[in-house]
Protein chains: 4
Amino acid sequence: MAVEKRDKIIESALKLFEQKGYHSTKVSDIVKDAGMAQGTFYLYFKSKEDLFRSVAEECLKEIVDALKPESDDHPDVGNGQMHDGLIRETLIIYYQNRTILNILKRHGAASPEIADIAKQFYGNVCEVVKGIFKHYNVYPGYTDEQLEMTAYAEIGMLEMVAYQWFIEKGYGLEKLDLLAEVLIGINVNCLPETDVIGE
Amino acid sequence: MAVEKRDKIIESALKLFEQKGYHSTKVSDIVKDAGMAQGTFYLYFKSKEDLFRSVAEECLKEIVDALKPESDDHPDVGNGQMHDGLIRETLIIYYQNRTILNILKRHGAASPEIADIAKQFYGNVCEVVKGIFKHYNVYPGYTDEQLEMTAYAEIGMLEMVAYQWFIEKGYGLEKLDLLAEVLIGINVNCLPETDVIGE
Amino acid sequence: MAVEKRDKIIESALKLFEQKGYHSTKVSDIVKDAGMAQGTFYLYFKSKEDLFRSVAEECLKEIVDALKPESDDHPDVGNGQMHDGLIRETLIIYYQNRTILNILKRHGAASPEIADIAKQFYGNVCEVVKGIFKHYNVYPGYTDEQLEMTAYAEIGMLEMVAYQWFIEKGYGLEKLDLLAEVLIGINVNCLPETDVIGE
Amino acid sequence: MAVEKRDKIIESALKLFEQKGYHSTKVSDIVKDAGMAQGTFYLYFKSKEDLFRSVAEECLKEIVDALKPESDDHPDVGNGQMHDGLIRETLIIYYQNRTILNILKRHGAASPEIADIAKQFYGNVCEVVKGIFKHYNVYPGYTDEQLEMTAYAEIGMLEMVAYQWFIEKGYGLEKLDLLAEVLIGINVNCLPETDVIGE
DNA sequence: TATGAATGAGTCTTCATTCAT
DNA sequence: AATGAATGAAGACTCATTCAT
């Protein structure tokens, strides 16, 4: 019962935050949508900001974990495959978590009170991606700073296309192949011996 | 006189929006910083939102124009140079306009009332980049959708690294070469005949 | 069982009312301190105000009764002794009931909803003291109004020193002798024939 | 204009605080009574508590100052006259400031957030009274602690009768003579050589 | 044009009380 | 008798905007 109500609040909040943004979503909107009284909200969350933090931190931790290569997840199948796999997986994760990622993208840095969440999230994701680069030796000879730049570049790339196609244009995974193909078309330096896009 | 006051408001607003965000910046903060009375603000702007729109639209139009290849700006010097030049130029533009671009990135989609500004801005930039791709035939054989995806990917890439290095880390243009080099290291498909990163 | 719970509530309430005051003490604080559920409170008291009234009225009635000269309690030992005894006894009663008297002093008139309790209490105490004055003929020739004034003056005097020494300064009965001596030093008209304090 | 509004708020607040108490008086009540908008209140006071503190501290400082014997205020006319004069003066001051003193008595210790005001006030008054006792050598041979006890006793005495006659019973200064006479009837040790109450 | 005092709708949050179990 | 989740009315405070001067 208790958990159900808490979940109902989170569900309503995510929906409304995405629709109207954090600032325009009132606590009264959330509880109305969740079908409960104003006071009930405060049984489960200390404040509106606490709700945001709770949800965001929880979801984002899951996303970072999902990105982390698990032992067998990325068997050494060669660089080309690896990168293609990583991009596809990341796009899928983005798609599955598009609601919270959208909210984060929209409010991450916009509200000083919750800016640290986004900052830490991007920091974590960057570390994971750098780790992958190192593990598969994707960018041999790169300094740590160069790896970091590359990681952020890739993250920005993925985030932007995911935002435009999954959120703005509202597509689903039917665009996955096309997006992955194009993104790999940009990321070809790991495949110096193969032909580029064209096949 | 009139123009000076208007400009002073814009200047203060940009500073404060970047420091504290749109929602946390009160009109009273702006006028206090600008050294004028509360009511004066409304002689120059219909509302707080109007101020944001005025500033954003104006700045963003300039940025889009700056990105547009002018007749002599991109002489046909070959694909390799072109892309390198575009990335450098864009990074420089981002650096020069980092304040407004930061604000836009932070509030673009966060506030429903001003979301359309960001949407239109990205749409315009995307068109310009697609135009460049077409003009120099960077991605031959690509459909329009593929070009759009590629354009957004490049924009996301640039925006993310610029944000991280120029805003978060606070670097200046001394990182330009390194950033450009790395970004070109990702974007190599336009240079099938040259060596990759080159080191 | 039932009585135990009720007493536990009263005990916790007195403690908390004294610590934090009536308004700052929440029903939830009381039940938490008493180790029971929120709803249990309302099995024993109609409301928070009802709790206050119940406790206050009960305690205060005891105090008034304690002040009343019982048949053998104040044997006619002469005026000097009488007054000294009354002051000592009253101070002791104040000390023993310092919790509720402190609460009453603090909230007596502060909260309109419970103001009548304090008003009635002081009225009763005044009557008792007047009765003592009459019984021992302490202020011969005084009109009823003068007696009432004197009674209130003595009550105010005792209450203030008791508050300052027993509550604010936190002393115990070790200051009783000194306080009584000083108070009697002020109240000397009842002893025209004896030496004053004894220096 | 500005001062007028601020004064109007104070005036309304004092009236309402006295009528209904601090906690039962809403900011909305105050501004309604003062005939202005809710927001106007916050132009002049940071919060409801700030209003209370501002008013209380200001008034109480005045009262303490008024109690302080000024050079010619208490010409050396002998102890008997002095004490009589002090009691009369204090009663008059209490009467003139009965509103704020009543509010202080009612809320002084009742609200933890403003308890320090009352504590400091009584501390100050005690010091002033002790100073008077010392100056006129009213209680020769008393230790400082005894003087402090006596001072608090006198303060409690005066406060209680003033509260009962000026506030509860609503009398004005027509009772001054009678009250002073009775209080002096209690305070006779300073006049060993004169007749007591005199009738 | 400039001022800044005044406005009041809007929002979060609290907490005494109720009620289904 | 006991629980504790749920309620919702109420109140302090904010801040974009207006307007008389």
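A brief report on the enclosed structure follows. (Residues numbered from 1 in each chain as written. Chains lettered and ligands numbered in written order. Predicted model: local features only at pLDDT ≥ 70, side-chain atom pairs only at ≥ 80, totals over all residues. Heavy atoms only, no water.)

### What about the protein's contact with DNA strand E?
As a reminder of what qualifies: We call a residue near a molecule or strand when any one of its heavy atoms sits within 4 Å of it. Distance and chemistry together define a polar contact, namely a pair of N or O atoms within 3.5 Å, with one atom able to donate a hydrogen and the other to accept it when in protein, and with adjacent residues in sequence counting only for side-chain atoms on both sides. Put simply, DSSP H or I for four residues or longer makes a helix, DSSP E for two residues or longer makes a strand, and each gets a number counted from the N terminus. Residue classes follow a fixed rule: Ala, Val, Leu, Ile, Met, Phe, Trp, Tyr, Cys and Pro count as nonpolar, while Asp, Glu, Lys and Arg count as charged, and any other residue, Gly among them, counts as polar.
Neighbouring DNA strand E are 31 residues; T40 and Y44 of chain B together with K5, T40 and Y44 of chain D lie closest to it. Close to the protein, within 4 Å, the atoms of DNA strand E are drawn from sugar and phosphate at a rate of 67%. Between DNA strand E and the protein, one listed contact pairs a phosphate oxygen with a side-chain N or O atom of Y42 of chain A at 3.0 Å. Contact distances for DNA strand E include 2.3 Å between a phosphate oxygen and a side-chain N or O atom of Y44 of chain D. Taken together, the elements giving at least two residues each to the surface near DNA strand E come down to helix 3 (38-44) of chain A, helix 3 (38-44) of chain B, helix 3 (38-44) of chain C together with helix 3 (38-44) of chain D. Within the surface near DNA strand E, the residues separate by chemical class into 14 nonpolar, eleven polar and six charged.

### A word on the interface of chain B and chain A
Worth spelling out the cut-off: Any pair of residues with heavy atoms lying within 4.5 Å of one another is described as a contacting pair. Accessible surface is computed with a 1.4 Å probe, and the buried area is the amount of it that two parts give up when combined, taken over both parts together. Whenever Lys or Arg places a side-chain nitrogen within 4 Å of a carboxyl oxygen from Asp or Glu, that contact is recorded as a salt bridge.
On the side of chain A, 47 residues touch chain B, which itself brings 47 residues to the contact. Between chain B and chain A, a total of about 3900 Å² is buried, with carbon and sulfur atoms accounting for 65% of that surface. Taken as a group, M149, M160 and I186 of chain B account for 16% of the area that chain B buries against chain A, more than any other trio of residues on that side. The interface formed by chain B and chain A includes six salt bridges. Ionic pairing is found between E145 of chain B and K175 of chain A, a salt bridge with its closest N-O pair at 2.6 Å. One can count seven residue pairs in polar contact (both at pLDDT 80 or more) joining chain B with chain A. Mapped by element, the contributors of at least two residues to the side of chain B that touches chain A are helix 6 (98-107), helix 7 (115-135), helix 8 (144-168) and helix 9 (176-186) of chain B. The element contributing the most residues to the side of chain B that touches chain A is helix 8 of chain B, with 18 residues. Along the lines of polarity and charge, the residues of the side of chain B that touches chain A split into 23 nonpolar, eleven polar and 13 charged.

### Some points on the interface of chain C and chain D
On the chain D side, the residues contacting the 47 residues of chain C number 47 residues. Both faces considered, chain C and chain D share a buried interface measuring about 3800 Å² in area, 64% of it formed by carbon and sulfur atoms. For the chain C face of the interface with chain D, the top three residues by lost area are M149, M160 and I186 of chain C, together amounting to 17%. Where chain C meets chain D, there are six salt bridges. Counting across the interface, chain C meets chain D through seven residue pairs in polar contact (both at pLDDT 80 or more). Mapped onto the side of chain C that touches chain D, the elements with two or more residues apiece are helix 6 (98-107), helix 7 (115-135), helix 8 (144-168) and helix 9 (176-186) of chain C. When residues in the side of chain C that touches chain D are grouped by element, the largest group, 18 residues, is from helix 8 of chain C. Split into classes, the residues belonging to the side of chain C that touches chain D amount to 23 nonpolar, eleven polar and 13 charged.

### Describing a negative patch on the surface
All names here are of chain A. This is how the line gets drawn: Patches were defined on residues exceeding 30% relative accessible area and lacking a salt bridge, with like-charge contacts within 9 Å and nonpolar side-chain contacts (Val, Leu, Ile, Met, Phe, Trp, Tyr) within 5 Å. Accessible surface area values rest on a Shrake-Rupley calculation with a 1.4 Å probe, where residue burial reflects the displayed protein chains alone. The convention is simple: Lys and Arg are positive, Asp and Glu are negative, and His and the chain ends are not counted. Where a charge lies is defined by one atom per residue type: Lys uses NZ, Arg uses CZ, Asp uses CG and Glu uses CD. The buried label goes to any residue with under 20% of its type's maximum accessible area, the exposed label to any with over 50%, and the partly exposed label to all in between, with areas taken from a 1.4 Å probe on protein chains only.
A contiguous patch of negative charge, built from E4, D7, E11, E58 and E62, is present on the exposed surface. Contributing elements (two or more residues each) for the negative patch: helix 1 (2-20) and helix 4 (48-67). With three residues, helix 1 is the single largest residue contributor to the negative patch. Along the polypeptide, E58 turns up in helix 4. When its relative accessible area of 43% is taken as the criterion, E58 is described as partly exposed.

### Some remarks on the relation of the copies chain B and chain A
Applied cut-off: Overlaid copies result from least-squares superposition on C-alpha atoms, with residues included only where pLDDT is at least 70 in both.
Relative to chain A, chain B is turned by 179° and slid 0.1 Å along the rotation axis, the superposed coordinates differing by an RMSD of 0.2 Å. In symmetry terms, the pair is related by a two-fold rotation axis. Both copies share a contact surface, since 100% of the interface residues of chain B are interface residues in chain A too.

### Some words on the packing of aromatic side chains
Any aromatic ring pair is given by two values, namely how distant the centres are and how the planes are angled relative to each other. Here is the rule we go by: Ring pairs shown here join Phe, Tyr and Trp side chains whose ring centres sit within 6.5 Å, with only the six-membered ring taken for Trp; geometry is labelled stacked below 30 degrees between planes, edge-to-face above 60, and tilted in between.
Here the structure, examined in full by the defined rule, presents 40 aromatic pairs over all chains. Between Y22 of chain C and F52 of chain C the ring centres are 5.1 Å apart and the planes differ by 75°, which places this aromatic pair in the edge-to-face class. In this pair, Y22 of chain C is assigned in the loop between helix 1 (2-20) and helix 2 (27-34) and F52 of chain C in helix 4 (residues 48-67), connecting sequence segments 30 residues apart. There is no split in this pair, since Y22 of chain C and F52 of chain C are both buried. Through successive ring pairs, a cluster of aromatic residues spans F17, Y22 and F52 of chain A.

### What to know about the environment of I132 of chain D
Following the sequence through the fold, I132 of chain D ends up in helix 7 (residues 115-135). Residues I132 of chain D and L67 of chain D, 65 residues apart in the sequence, show an inter-C-alpha distance of 9.5 Å.

### A short note on the protein's contact with DNA strand F
Taken together, the neighbourhood of DNA strand F is formed by 29 residues, with K5, T40 and Y44 of chain A together with T40 and Y44 of chain C sitting nearest. Backbone atoms, meaning sugar and phosphate, form 67% of the atoms of DNA strand F found within 4 Å of the protein. Within the contact set of DNA strand F, a base nitrogen lies 2.9 Å away from a backbone nitrogen or oxygen of G39 of chain C. In terms of residue count, helix 3 of chain C provides more of the surface near DNA strand F than any other element does, five residues in total. Here the surface near DNA strand F is built from residues that sort into 14 nonpolar, nine polar and six charged.

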